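Now for the letters of each chain:
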Amino acid sequence: MPYFFGFDWTYLVFIVPCIIITLICQINVKSTFSKYSKIRNSRNMTGAQAAEYVLRQNGVTGVRIEHISGSMTDHFDPRTNVIRLSDTVYNSNSVAAVGVACHEAGHAVQHAENYLPNRVRSAVLPVARLGSSLSWIFIIIGLCFTDRVGFTLLYIGIILFSLSVLFTIATLPVEFNASKRALETIKNNELLYGDEYTGAKRTLQAAAMTYVAAALTAILQLLRLIVIAQRRR
């Protein structure tokens, strides 16, 4: 393992930059959402109404829109076909609320249309969960031994971990497309005007960067594990 005076330099090279980027993205999405949550849209449309509008425009039926407690807990559940909107979105008529609600409705439209990247992501999910649950068990045990058995266990852990990395990568096109659908509906149907549209766009862009940061973190963590394994050979 690449240590220098007892310090693991792979952590500095691969992980520390990701921690910094992730923190910056989290701060940015919270501050952006907070900023545009204070600006009321001129149509006085709530998040729930905006989500319903997107569904109707795309001919999607049978999707419920429910309230869920918390802030930034908004999501679409494909298992129950339910869009759940948070306290700061469901009944809010802010620019940010409309953007987030339309984004979640975009996921519901993807599900209804059997959008291919969404199907790929759903197919990867079970093995990604398995990989996430078991990978570190094999990795930690593998690091405890310096023989061939330890090396084999370490690589099994890395392979399992790569499955969860694959899921974070597969998530990106799904999230980007949901935002694209949301913004197109907002713009084409004039749900928001001028600076209001810009505010919704910036809110969704900030949220998208958190997924990019998560994918980057997962990839660099995987590379770090590979470097560690190669140095143990």
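Before reading further, recall that the structure is shown in the block above.
Residues numbered from 1 in each chain as written. Predicted model: local features only at pLDDT ≥ 70, side-chain atom pairs only at ≥ 80, totals over all residues. Heavy atoms only, no water.

## A few points about the packing of helix α3 (residues 95-113) against helix α5 (residues 148-188)
Rule in force here: Whenever a helix is involved, its axis is fitted only over the stretch in contact; in every case the axis is a line through C-alpha atoms, and angles between N-to-C directions fall within 0 to 180 degrees. Working definition: helices are DSSP H or I runs of at least four residues, strands are E runs of at least two. Numbering for both runs from the N terminus. Roughly parallel means an angle under 35 degrees; roughly antiparallel means over 145; roughly perpendicular covers 65 to 115; every other angle is labelled oblique. Left-handed describes a crossing whose near helix is turned anticlockwise from the far helix by less than a right angle; the clockwise case is right-handed. Residues count as neighbours in contact if any of their non-hydrogen atoms are within 4.5 Å of one another. The nonpolar class holds Ala, Val, Leu, Ile, Met, Phe, Trp, Tyr, Cys and Pro. Asp, Glu, Lys and Arg form the charged class, and all remaining residues, Gly among them, are polar.
Here α3 crosses α5 at 115°, and the two axes come no closer than 7 Å. If you check the angle between α3 and α5, you find them roughly perpendicular. Every pair of crossing elements has a handedness; the one defined by α3 and α5 is right-handed. Of the residues in α5, those touching α3 at Val98, Gly99, Cys102, His103, Gly106, His107, Val109, Gln110 and Glu113 are Val174, Glu175, Asn177, Ala178, Ser179, Arg181, Ala182 and Ile186. Among the residues making up the contact of α3 with α5, the classes are represented as seven nonpolar, seven polar and three charged.

## Re the environment of Arg121
To be explicit about the condition: Buried means the residue's accessible area, taken with a 1.4 Å probe over protein chains only, is under 20% of the maximum for its type, while exposed means over 50%, and partly exposed covers the values in between.
Examined against the element boundaries, Arg121 turns out to sit in helix α4 (residues 116-143). Residue classification places Arg121 among the partly exposed positions, given a relative accessible area of 24%. Each C-alpha atom, one on Arg121 and one on Pro17, is 27 Å from the other, the two residues being 104 residues apart in sequence. Excluding its chain neighbours within four sequence positions, the residues that come into contact with Arg121 are Phe167, Ala170, Thr171 and Val174.

## Digging into the pairing of strand β5 (residues 82-85)
Note the following rule: Should DSSP find at least two bridges between two strands, the strands are taken to pair.
Burial along β5 is two-sided: Val82 and Arg84 and Ile83 and Leu85, pointing in opposite directions, are all buried. Here four bridges tie strand β3 (residues 64-67) to β5, and the two strands are oriented parallel to one another. Note that in β5 the partner of Arg64 across the bridge is Val82. Pairing of strand β4 (residues 75-77) with β5, which is carried by three bridges, proceeds in the antiparallel orientation. Paired with Phe76 across the two strands is Ile83, which belongs to β5.

## Remarks on the packing of aromatic side chains
Going by this rule: Pairing of aromatic rings covers Phe, Tyr and Trp, the last through its six-membered ring, and needs centres within 6.5 Å; plane angles under 30 degrees mean stacked, over 60 mean edge-to-face, and all others mean tilted. The criterion is that NZ of a Lys, or CZ of an Arg, lies within 6 Å of the ring centre and within 35 degrees of the ring normal, and then a charge sits over that ring.
In the structure shown here, the tally under the stated rule is two aromatic pairs. For the pair Trp136 and Phe161, a centre-to-centre distance of 5.7 Å together with 70° between the ring planes defines the contact as edge-to-face. Linking Trp136 in helix α4 with Phe161 in helix α5, this pair joins segments that are 25 residues apart in sequence. In this structure, Arg181 is placed above the aromatic ring of Tyr115, and the distance from its NZ or CZ to the ring centre is 5.2 Å.

## Considerations on the side chain of Glu196
Cut-off, in case you're wondering: Charge counting follows a simple rule: Lys and Arg are positive, Asp and Glu are negative, and His as well as the terminal groups are ignored. Throughout this description, the term salt bridge denotes a Lys or Arg side-chain nitrogen within 4 Å of a carboxyl oxygen of Asp or Glu.
Along the chain, the position of Glu196 falls in helix α6 (residues 195-231). Although Glu196 is buried, it forms no salt bridge, and the closest oppositely charged side chain is Arg40 at an N-O distance of 7.4 Å. Those residues in contact with Glu196 that lie beyond four places of it in its chain are Arg40, Asn41, Ser42 and Val95.

## What to know about the pattern of salt bridges
In the structure shown here, the tally under the stated rule is seven salt bridges. Two residues, Arg84 and Glu66, come together in a salt bridge whose shortest N-O distance is 3.6 Å. Taken together, the residues Arg84 in strand β5 and Glu66 in strand β3 connect sequence positions 18 residues apart. Linking Asp77 and Arg84 is a salt bridge whose minimum nitrogen-to-oxygen distance equals 3.2 Å. Its relative accessible area of 18% is what places Arg84 among the buried residues. Within this structure, Arg64, Glu66, Asp77, Arg79 and Arg84 form a network of salt bridges that share partners.

## Thoughts on the environment of Ala207
Tracing the backbone through its elements, the reader meets Ala207 in helix α6. When its relative accessible area of 26% is taken as the criterion, Ala207 is described as partly exposed. C-alpha of Ala207 to C-alpha of Val29: the two residues are 178 residues apart in sequence and 5.5 Å apart in space.

## What about the sheet that holds β5?
If you walk across this open sheet you meet the three strands as β3-β5-β4, and the pairing is mixed. Each edge of the sheet is formed by a strand with only one pairing partner; in this case those strands are β3 and β4. Strand-to-strand twist in this sheet, taken as the mean axis angle between neighbours without regard to direction, amounts to 25°.

## So, unusual backbone geometry
Glycine aside, residues mostly have negative phi, and peptide bonds are mostly found in the trans state. With phi around 60°, Asn44 is a residue other than glycine that occupies positive phi space. Its place among the elements puts Asn44 in the loop between α1 (9-37) and α2 (47-57). Look at Met72: it is not a glycine, yet its phi comes out positive at around 60°. Structurally, the position occupied by Met72 is in the loop between β3 and β4. A relative accessible area of 39% places Met72 in the partly exposed class.

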